[in-house]
Amino acid sequence: MSDEDPIPGWSPDLSIDQGLIDADHQYLFNLTAAFMSGGRQFNTPDQAYDLVHRLVEYASIHFRREEALLARINYPDAIDHHLEHIRLEDGLAEIQKTVITTSGDQLAFVSDLMGALINEWLVTHIRSYDLPMKAYVEQLRQSARNTPPIDDLTLL
Ligand SMILES: [Fe+2]
Ligand SMILES: [Fe+2]
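Residues numbered from 1 in each chain as written. Chains lettered and ligands numbered in written order. Predicted model: local features only at pLDDT ≥ 70, side-chain atom pairs only at ≥ 80, totals over all residues.

## Notes on the overall build of the protein
Logical step 1: Looking only at helices and strands, the protein has five helices and zero strands in total.
Logical step 2: Reading the secondary structure of the protein in the N-to-C direction produces α-α-α-α-α.
Logical step 3: Relative to a compact globule of 156 residues, whose C-alpha radius of gyration would be 15 Å, the protein shows 19 Å and is clearly more extended.
Logical step 4: Based on the C-alpha atoms only, the size of the protein along its principal axes is roughly 70 × 30 × 25 Å.
Logical step 5: For the protein, the proportion of its 156 residues judged to be buried stands at 21%.
Logical step 6: For the protein, the share of sequence-separated contacts (at least 6 apart) that also reach a separation of at least 24 residues comes to 75%. (Helix = DSSP H or I, 4+ residues; strand = E, 2+ residues; numbered from the N terminus. Rg over C-alpha atoms; globule rule 2.2 N^0.38 Å. Buried ≥ 20, exposed ≤ 12 C-beta atoms within 10 Å, placed from the backbone. Contact = placed C-beta atoms within 7 Å.)

Take a look at the structure:
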């Protein structure tokens, strides 16, 4: 993806659960919007530190939440998906290390790393890894709908 590519945004075709996961993803798009619309460039080290810090926090909460859902829906590629989360988190940790030690002379380098990681996350990961969960979430919902209330079951 080049700088001329449009800024990715959340749209209903990315909806997975109409709940917390969608809200998380919308938060991710909002979190990165300023950086993406600013030409994928940090202007100051503080700006870089602030975004990377928020993304590290967000990733930890969101990925664990998503992995809990993967387990709940018996997702067949859960391990592969988890490994992709680890890879994104490792990438963020690398950027964080660079940002903490940068005095500003590496801002262009950090901006490039961050732009690439965000693109990978927003464009590739959500579409290729998260979106296929949707069918399984729907299946779980359907089976819950078809399960009679507990009062109707003959337990003994
Ligand atoms: Fe994911
Ligand atoms: Fe996700």
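## Thoughts on helix H4 (residues 107-130)
Logical step 1: Largest kink in H4: about 40°, centred on Thr124.
Logical step 2: Those residues of H4 that sit buried are Val110, Ser111, Met114, Leu117, Ile118, Trp121, Leu122 and Asp130.
Logical step 3: Buried residues along H4 sit against helix H1 (20-37), helix H2 (45-72), helix H3 (78-101) and helix H5 (133-146). (Bend = angle between axes of the 7 residues up to and from the residue.)

## Remarks on the nonpolar core
Logical step 1: The biggest cluster of nonpolar side chains holds 16 residues, and the ones touching the most others in it are Ala48, Val52, Ile95, Val110, Met114, Leu117 and Ile118.
Logical step 2: For this core, the secondary-structure elements that each account for two or more residues are H1, H2, H3 and H4.
Logical step 3: A total of six residues in this core trace back to one element, the largest contributor, which is H4.
Logical step 4: Each residue touching Ile95, except ones within four places of it in the same chain, is listed here: Val52, Val110, Leu113, Met114 and Leu117.
Logical step 5: Listed in part, the six residues of the second largest apolar core include Ile21, Leu70, Tyr75 and Met133. (Core = buried A, V, L, I, M, F, W, Y, C linked by C-beta atoms within 7 Å.)

## Some details on the environment of Arg40
Logical step 1: Among the secondary structure elements, Arg40 is positioned in the loop between H1 and H2.
Logical step 2: Given 20 C-beta atoms within 10 Å, Arg40 falls into the buried group.
Logical step 3: With 76 residues separating them in the primary sequence, Arg40 and Ala116 have C-alpha atoms 9.2 Å apart.

Keep in mind these values describe shape, not function.
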